[in-house]
Amino acid sequence: MIAEELQDQAALYVLGALDSSEAAQFEGQANANAELQELVRQLRDSASALAYAAPAKTAPAELRSRILDQISSETKVAPFPQERRSVMSWLPWAIAAALAIYCGVLAVDRSRMRESVSTSQQKIETTARELVTTRQNLGAAQQGLVTTKQDLANAQQSLAAGQSDLANTKEALAATQKNLAPTKEDLATARSAGSLAEATIVSLAGTPNAKGSSAGSIVWRQDSQTGLIKLSDMPALGPGKDYQLWVIDADYKDPISAGVVEVSAKGVAELRFKPTRLTNHPKAFAISVERKGGADKKEGPIVLMGTVNA
Amino acid sequence: MAQVAGGDRDAFAALYDRLSGPLYSLALRMLDDSADAEDALQEACLQIWHRASTYDASKSSVFTWAVLITRSRVIDRLRARGRRLRVLTQMVEKEEQPEPGSASATRSASDIVEKEDEASRVESILHQLPFEQRQAIELAFFSHLTHHEIAARLEEPLGTIKARIRRGLLRLRGALQSSQII
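Residues numbered from 1 in each chain as written. Chains lettered and ligands numbered in written order. Predicted model: local features only at pLDDT ≥ 70, side-chain atom pairs only at ≥ 80, totals over all residues. Heavy atoms only, no water.

## Overview of the confidence of the model for chain B
Residues and elements named next belong to chain B.
- Here chain B averages 80 in pLDDT, and 79% of its residues register 70 or above.
- Per-residue pLDDT stays below 50 along residues 98-116; that stretch engages in 13 contacts with residues further than four places along the chain or on separate chains.
- Taken over the whole predicted complex, pTM reads 0.46, whereas the ipTM for its chain interfaces reads 0.74. (pLDDT = per-residue confidence, 0-100. Contact = heavy atoms within 4.5 Å.)

## Here we look at the pairing of strand β3 (residues 226-232) of chain A
Residue and element names in this part refer to chain A.
- With six of seven residues buried, β3 is to be regarded as a mostly interior element.
- Sheet analysis places strand β2 (residues 215-221) next to β3, joined by seven bridges and oriented antiparallel. Note on β3: the bridge partner recorded for V219 is L228.
- The pairing of β3 with strand β6 (residues 269-273) spans five bridges and is antiparallel. If you follow I229 over to β6, its bridge partner there is L271. (Buried < 20%, exposed > 50% of the residue type's maximum accessible area, 1.4 Å probe, protein only. Helix = DSSP H or I, 4+ residues; strand = E, 2+ residues; numbered from the N terminus. Pairing = 2+ DSSP bridges.)

## Structural notes on the pattern of salt bridges
Residues and elements named next belong to chain A.
- Under the counting rule described, the total for this entry stands at 16 salt bridges over all chains.
- Here D223 makes a salt bridge to R221, at a shortest N to O gap of 2.7 Å.
- For D223, a relative accessible area of 52% puts it in the exposed group.
- For R221, a relative accessible area of 23% puts it in the partly exposed group. (Salt bridge = Lys/Arg side-chain N within 4 Å of Asp/Glu carboxyl O.)

## Re the layout of surface pockets
- The space that makes up the largest pocket amounts to roughly 620 Å³.
- Those elements that place two or more of their residues in the lining of the largest pocket are α2 (20-31) and α3 (34-48) of chain A together with α4 (62-81) of chain B.
- With six residues, the single largest contributor to the lining of the largest pocket is α3 of chain A.
- Partitioning the lining of the largest pocket into residue classes produces nine nonpolar, seven polar and seven charged. (1 Å grid on protein atoms, 1.4 Å probe; cavity = no way out; pocket = protein on both sides within 12 Å on 5 of 7 lines; lining within 4 Å. Points joined across faces, edges and corners; volume = space filled by probe spheres on them. Nonpolar A, V, L, I, M, F, W, Y, C, P; charged D, E, K, R; others polar.)

## Thoughts on the interface of chain A and chain B
- In this assembly, 46 residues from chain A lie in contact with 59 residues from chain B.
- In this assembly, chain A packs against chain B so that about 4800 Å² is buried in total across both faces, 65% of it on carbon and sulfur atoms.
- Here chain A and chain B share four salt bridges between them.
- Remark: the boundary between chain A and chain B carries 13 residue pairs in polar contact (both at pLDDT 80 or more).
- Residue assignment for the side of chain A that touches chain B shows that the elements contributing at least two residues are α1 (4-15), α3 and α4 (61-73) of chain A. (Buried area = accessible area lost by both parts, 1.4 Å probe. Polar contact = N/O pair within 3.5 Å; in protein donor to acceptor, adjacent residues only side chain to side chain.)

## Points about the side chain of R166 of chain B
- Secondary-structure assignment places R166 of chain B in helix α11 (residues 158-178).
- Under the relative-accessibility criterion, R166 of chain B is labelled buried at 6%.
- For R166 of chain B, the side chain forms a polar contact with the side chain of D8 of chain A, separated by 2.3 Å.
- With sequence-adjacent residues up to four places away left out, R166 of chain B is seen in contact with E4, Q7, D8 and A11 of chain A.

## A closer look at the packing of α1 of chain A against α2 of chain A
Residues and elements named next belong to chain A.
- The interhelical angle for the contact between α1 and α2, taken along N-to-C directions, is 120°, at an axis separation of 10 Å. In this view, α1 runs oblique relative to α2, as classed from their interaxial angle. Seen along the crossing, α1 lies across α2 with a hand that is left-handed. Contact residues: α1 offers L6, Q9, A10 and Y13, while α2 offers A23, F26, E27 and Q29.
- Among the residues forming the contact of α1 with α2, the class breakdown is five nonpolar, two polar and one charged. (Axes fitted to C-alpha atoms, helices over the stretch in contact; angles between N-to-C directions. Parallel < 35°, antiparallel > 145°, perpendicular 65-115°, else oblique. Left-handed = near helix turned anticlockwise from the far one by under 90°.)

## Focus: empty space enclosed by the protein
Residue and element names in this part refer to chain B.
- Under the criterion given, the structure shown has three cavities of 30 Å³ or more.
- For the largest cavity, the calculated volume is near 50 Å³.
- In this structure, the largest cavity is lined by F12, L15, Y16, L19, S20, L23, C45 and I48.
- Breaking the lining of the largest cavity down by element, the ones donating at least two residues are α2 (9-31) and α3 (34-50).

## Describing the environment of F12 of chain B
- Within the secondary structure, F12 of chain B is located in helix α2.
- On the accessibility criterion, F12 of chain B (2% relative accessible area) is buried.
- Linking F12 of chain B and I48 of chain B, residues 36 residues apart in sequence, is a C-alpha distance of 9.0 Å.
- Setting aside chain neighbours within four positions, we find F12 of chain B in contact with I67, L68 and I71 of chain A together with V4, C45, I48 and W49 of chain B.

## Section: the packing of aromatic side chains
- Considering all chains together, one arrives at eight aromatic pairs over all chains under this definition.
- One residue, R29 of chain B, lies across the ring of F142 of chain B, its end atom 4.2 Å from the ring centre. (Phe/Tyr/Trp six-rings, centres within 6.5 Å; stacked < 30°, edge-to-face > 60°. Lys NZ or Arg CZ within 6 Å of the ring centre and 35° of its normal.)

## Some thoughts on helix α10 (residues 147-154) of chain B
- Within the span of α10 of chain B, buried status applies to H147, I150 and A151 of chain B. All buried residues of α10 of chain B fall inside an arc of 100° around its axis, so they share one side.
- Where α10 of chain B is buried, its residues contact α1 and α2 of chain A together with α9 (131-141) and α11 of chain B.
- Following α10 of chain B by one or two positions, E155 of chain B has its phi on the positive side, about 55°. (Arc of directions from axis to C-beta.)

Written out as structure tokens, the structure reads:
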């Protein structure tokens, strides 16, 4: 007795209703089952009867003629006579030999193709690896380019700042030179007169407490303990205030007063001075804003200052 | 068949006369195009002519063998021309028209009686099958659908479709054997 499930498969098989894999599986089972084979045969005959279920139509007469003419025009290979069989008995062997040779050629060709495919695959893999490396390098280069651009931008910014500083410095230098020029003239005059054999020149520059572009210079003569001070662009002070000159000496704790400096309405001053105490090691000169008439000890803010070069 | 295998043109002509009617009807039903059906039948007949020597009477009848060959050529054409979808659509339209069992009921008794040839007897037996069984079998045979496609198409469980086809085909076998048609 054939199982119902196999009967299902047989019915579907003869109708062509199994897909290819199912049909192949069923054929495998049927090959080993004679009873199943017989069922398939019977069901196939039954299924073929379904052709009668189609509406009956008669094939055109000209189709019959066409088919019969076609088979007549073809050379029908008739069975070989018995006496010729011995003569032609080599034919199957010749065909088999030809097939064997052909198979050999195919095998060689297949081997070559495999090698070719293998080589191509290796090339593809190599190319793929190179592509990955190239991409990585490209990424690094792009990153480097970005960094370089940033550095360039920073450098340009620094250059601009430097140029700006340079311009300011040049401006300050020009102002200092401008202030220094009269002093040099005085020094030259004094030297020519032989009165300043050993004179020191000190430039005074504005401190952070200074307002405006005030500047000044001092010609100091150590041997006589006297000096000449010139100031320019000094802001006018409020009532009860005076500028006072100080000498900073390493031997004294506090700056030594060199007197009040009177500034004109145009902000300029020029006078000779002498510190109130002996100064053997003057290090710097300073101008501070003090109370009217000056102070014994420095109290107010320093607005101008210049160091004595050794 | 032995004569046909031996290259007897007259024997082949006789075979053609016996089989061409149902084979052409089958091809026309599946292809729904007379020109295509003629071409398919011509291809099938030439294959029968060339391969007659391979026919094995122990495996099937001549008619079954010829039907198998014709159906294969028709299926090739359906696949090649991509016309399968259109044919299936037309099948749906046709099958939606008759009610279950109405085909045999509306068929006049005299019409059935008058058809004394084998074809009419087979047709009569086919129409005695329950509609659901015949419908599933015909979808497989004429529309070349797999059982999965039939189940999806009829919106029925796969097991139901398998059972309908099996029962229908077994019942058809029994009826045909009783009528000594096969």
